[in-house]
Structures are given as structure tokens and as C-alpha cells.
Amino acid sequence: MSHEAISVFDIFKIGVGPSSSHTLGPWRAAQRFLQTLIKKNILQDVIEVKVLLYGSLAKTGRGHGTDIAIQLGLSGDDPVTFEVNRIHSKIADIAIMRKVLLSGLHEIDFDPREDIEFLISESLPFHPNALSFLATTKNGDSLAETYYSIGGGFVIKEGEKISTSQSTQLPFPINTNDDLLHWCIKTGLAIHEVVMENENAWRPEKETRNGILNIWRVMKECIYRGCYAQGLLPGGLDVKRRAADLNKRLLAGKNFPDYDSWIKGVRSGGHDFKYILDWVSCFALAVNEENASFGRVVTAPTNGAAGVIPAVLQYYIVFCDSNKEDKIIQFLLTASEIGSIFKKGATISAAMGGCQAEIGVSSAMAAAALTEGMGGTQRQAMMAAEIAMEHHLGMTCDPIGGLVQIPCIERNTMGAIKAITASQLALQSSPDFAKVSLDGVIKTMWDTAKDMDHKYKETSEGGLAVNVPLSLPEC
Ligand code: SF4
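1. Topic: the packing of helix H14 (residues 325-345) against helix H19 (residues 438-451)
Reasoning step 1: It is the contact of H14 with H19, at a shortest axis distance of 9 Å, that shows an interaxial angle of 45°. If you check the angle between H14 and H19, you find them oblique. Regarding H14 and H19, the two cross each other, and that crossing is right-handed. Contacts between H14 and H19 involve Ile 338, Ile 341, Phe 342 and Gly 345 from the former and Leu 438, Asp 439, Ile 442, Met 445 and Trp 446 from the latter.
Reasoning step 2: For the contact of H14 with H19, the residue count by class is seven nonpolar, one polar and one charged.

This is the structure:
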């Protein structure tokens, strides 16, 4: 049976908020379109570029920063390295000058208000997140390409296969949880060890370890930054950032100049249940407030759900005494495999499956990783993932004003706490008596996604998005 090979670095990608499907994906698509122009040696002849957004990208693209991401992508900037505090000034420059420097090399007239079109009543059949680029050259020739942003920052071009690390033959091919269990039983390896063996097919282990530690560096810097950033979130809803106030209250007003001293301060507060609960919420709020502010985040597996895994991993490090590189690497390897299985068996795109595909999947990933880290068996880790998703089934995506703020930010706190509860339940249970399998819940999630009305799939046409009377200024 063929399998899609997905690496830990396909699941965890460094990027910019607020959305992996609506920001990171379109940014990558714009970069890929530029690559086509460069390969065909016509970049210097281009006089016009038009971008058409369809379906969910058109409906919630403004709130999710899709137009901003496209302009940065067309400018040749990279989401991993571009200084996030320059985003707004660069976008303002393009709007004022009505020009864009394609790939940083070739200037053309470009007015984002006219050259990026939000076609809210049109969608393409393959996927709700579609966008087309159309370039015209001075000779009158034109070149068009359509891309699909299929969730978690993954992008595919019309007609091509899914762009992951799939061409590599892995020692332990995995499509389902049963496959993963099979390899664990056959080899006696833990989940994270099976995943590392597969990663070794792509690169030396040292490189994988360093790459994962770099992912964690970005995650923890994001938590720390978010815990000290005050003010209102952008977009017009005037949502007040809460992580900084909570951080200050929990630390009794004490200031810590860097992440390491801050973590010592957090740990020194003890293990009271409410204290820990507040911190888990604080970690998750911090990440998603950064995400909503176009901050640097890691898709886990998406941006909207970017706070769940860092919050649970930070909880594991601080309150379960696991601040060791090996433990962190193992946690992220196991989490990534669970995310891959969900992607293969269902979806990690809210435009396809609602919020169960984002927060639900991230919670399941975190639950499995925490369970294994806490000494659970492979089957208990899988059981924890199942429990976490079982209690997110049917969760809709209905962001108010198309912004990744309400309900998204708080929802990450819920996903993190459910992951911890699911892990604890699994650690206290025998998987022999479980009635629902992880593969069973993945299939159920996919069936539920297919039955879900499009209003609840990242369109802002249902749920909270229509029942909360908030008005936004015209963009
Ligand atoms: S409601 Fe959930 S899926 Fe939708 S944008 Fe917010 S976090 Fe993402």
C-alpha cells in the first residue's frame, strides 16, 4: 500500500501568524509562483500580477492576513526569516507606492486593493482554500498558476501531488494508528523511536535533533514574548491581550529578564492545582496572542492551534520536571506522528473539517506526547490521543470577523487542558478496555467533517461569527 511520508518538519514549520492555511500557505504559494517566473526566465518581463482568492481564502482572507502574506511572498520575503516587526511598515509602503518589487528584483505597478481580488461567491472544487496568480509580460504573454493551501502551511499546485517529503522510502511506513502500533510491537520501539528511525531516512539524526530543538526555541521564545506583550490585538475587534496580565499576577509583579530566569520564577510558585491551571492557560494565550499579532510562531499543526503543543510541552518541562533536551525532542517527535496520521486519515484544515481539525488534532498530538513522556506505554499514548479528539468531535470553525482571535485564542487553552486530562485518564487506564480506537476516532472526525455545513468551515458565515454583534471597520 502506498503511503504519504510526512516529516516532523512538515508538521512543525516556523512561520508568521495568524493562520497556516490563510497566511503561511498563500505566502508560500506566492514564493512558488515567483520561482516559476524565474525558472522560465520571464520575471524581468512581467508588467502586471493579479491574484484571485477563492472560497474560504476569500471569505476570511482579510482577517487572516492572506493579502498581506501574498504581498510579502511576491516581494521575495521568507516567512521563516522576515522580521515580523517590519510587516506592517512594508505593507504600508506597498499600499502608498502602489508598487511591488517582485522577488526583490523587478518592480511593477501593484495596487493590492485592485490586484488582489476576494471572490467570495466563487470556489474551486478541489479544496476551499484556492488562489490563482496571473502574470502578464510586456510582450502580452500571460502565465497563470493555481495553488491550494490545504492546511498547516502545506501547499500544492493544481495538478501536482501533495508536496511533503513523500518521495523518501521510510523504514516504517505509516498511514494509520494500526500501522504505528504494528511497528511499535514488531520492533519494541517507543513511538518517538519509530519516528526518529523514519526521520533518519531524510537526514542524519544530529540534524534532526538540532532542527527539533530549534523548533522548540521558536516556540518558547513565542511563549515568553507573549507573556510580556501588552495592548490590543490588531484587526479592529479591540481584543485585549491577557497573557501579560496573567503572567504578572502569577509572578506577583516580579520581572524576569529572560526565558530561563522566568521559568525558574514560574517553577518556584509550587504545584497548586489552580496555579498550574492558570499557567497552562497563560502559555497558550501568550502563543496565540502573538499569532494574532502577526508574530513568529510554529505551526502545530496549524497556526490557529499553535498554542496547544507549546503550552503542554511547557507544562511538562516546568511542572513535570522534564527540562531535558532528549525529553523535548521525544515529545515533539511523538506529537508530529499523531498529527501526520490525522492528516492522512482525515484533515488538519479547518476549511475542510472545522476546528476539530485544528484544536482537536493539536490536543490529540499533545496528549499522546505527554503520555509517552510521563512513562505511559505506546498504547496508552494512542489512547490519550483518541480521548483528546473524541471530546473535540464536531467542533466548528466560526472566527468572529474572520480574525484568528475569538474563539481561537481561548480555544487553545481548552485544547491544552483537555490534552493534559486525556493523558492523565489514559495513564490511569488500561487500553485493553478501551471501546474506541484512535483510527476509529480519526474516521469519525473525517465523517463529521464531511457532514459539517460549510458555514462552520472557516467561512465566518455561522456560529459565533454571526451571533456576536461586533462590527469591524472596513479594510
Ligand atoms: S475557530 Fe479554530 S479552526 Fe477556526 S480559525 Fe479559530 S482556531 Fe482555527
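2. Overview of the site of the ligand
Reasoning step 1: Inspection of the region around the ligand gives Gly 304, Ala 350, Cys 355, Glu 358, Cys 397, Asp 398, Cys 408 and Arg 411 as its neighbouring residues.
Reasoning step 2: When grouped by side-chain class, the residues that make up the shell around the ligand number four nonpolar, one polar and three charged.

3. Looking at the packing of helix H13 (residues 308-319) against helix H16 (residues 359-373)
Axes are the key here: two packed helices are described by the angle between their axes and the distance separating the axes.
Reasoning step 1: Their axes nearest at 9 Å, the elements H13 and H16 cross at an angle of 20°. Compared by their axis directions, H13 and H16 come out roughly parallel. Where H13 crosses over H16, the handedness of that crossing is right-handed. For the pair H13 and H16, the contacting residues are Val 308, Ile 309, Val 312, Tyr 315 and Tyr 316 in the first and Ile 359, Ser 362, Ser 363, Met 365, Ala 366, Leu 370 and Gly 373 in the second.
Reasoning step 2: The residue inventory of the contact of H13 with H16, partitioned by class, reads nine nonpolar, three polar and no charged.

4. Regarding the nonpolar core
Reasoning step 1: Counting 116 residues, the largest nonpolar core has Phe 12, Trp 262, Trp 279, Ile 309 and Leu 332 as the members making the most contacts within it.
Reasoning step 2: Element by element, the count of residues in this core is highest for helix H12 (residues 273-292), at eleven residues.
Reasoning step 3: Excluding residues within four positions of it along the chain, Phe 12 makes contact with Ile 215, Met 219, Val 298, Thr 299, Ala 300, Ile 309, Leu 332, Ala 335, Ser 336 and Met 365.
Reasoning step 4: Formed by 27 residues, the second largest nonpolar core is a distinct cluster that contains Ala 29, Val 49, Val 51 and Ala 135.

5. Description of the sheet that holds strand E8 (residues 154-157)
Reasoning step 1: One open sheet accounts for five strands, arranged E5-E2-E6-E7-E8; its pairing is mixed. Each having just a single partner strand, strand E5 (116-119) and E8 make up the two edges of the open sheet. When strand polarity is set aside, the average angle formed by the axes of neighbouring strands in this sheet is 25°.
Reasoning step 2: Two strands pair when backbone bridges link them, and strand E2 (residues 46-54) and strand E6 (residues 129-137) are joined in this way by eight bridges, in the antiparallel orientation. Within the sheet, the bridge partner assigned to Val 51 lies in E6 and is Phe 133.
Reasoning step 3: Relative to E2, helix H4 (residues 66-74) is tilted by about 150°, and along the sheet it contacts E2, E5 and E6.

6. Overview of the side chain of His 192
Reasoning step 1: When you line up the elements, His 192 lands in helix H8 (residues 191-199).
Reasoning step 2: Take His 192: its relative accessible area is 13%, and that puts it in the buried class.

Conventions we followed
Residues numbered from 1 in each chain as written. Predicted model: local features only at pLDDT ≥ 70, side-chain atom pairs only at ≥ 80, totals over all residues. Heavy atoms only, no water. Axes fitted to C-alpha atoms, helices over the stretch in contact; angles between N-to-C directions. Helix = DSSP H or I, 4+ residues; strand = E, 2+ residues; numbered from the N terminus. Parallel < 35°, antiparallel > 145°, perpendicular 65-115°, else oblique. Left-handed = near helix turned anticlockwise from the far one by under 90°. Contact = heavy atoms within 4.5 Å. Nonpolar A, V, L, I, M, F, W, Y, C, P; charged D, E, K, R; others polar. Near = heavy atom within 4 Å. Core = buried A, V, L, I, M, F, W, Y, C linked by side-chain atoms within 4.5 Å. Buried < 20%, exposed > 50% of the residue type's maximum accessible area, 1.4 Å probe, protein only. Pairing = 2+ DSSP bridges.

Nothing here speaks to function; it is geometry throughout.
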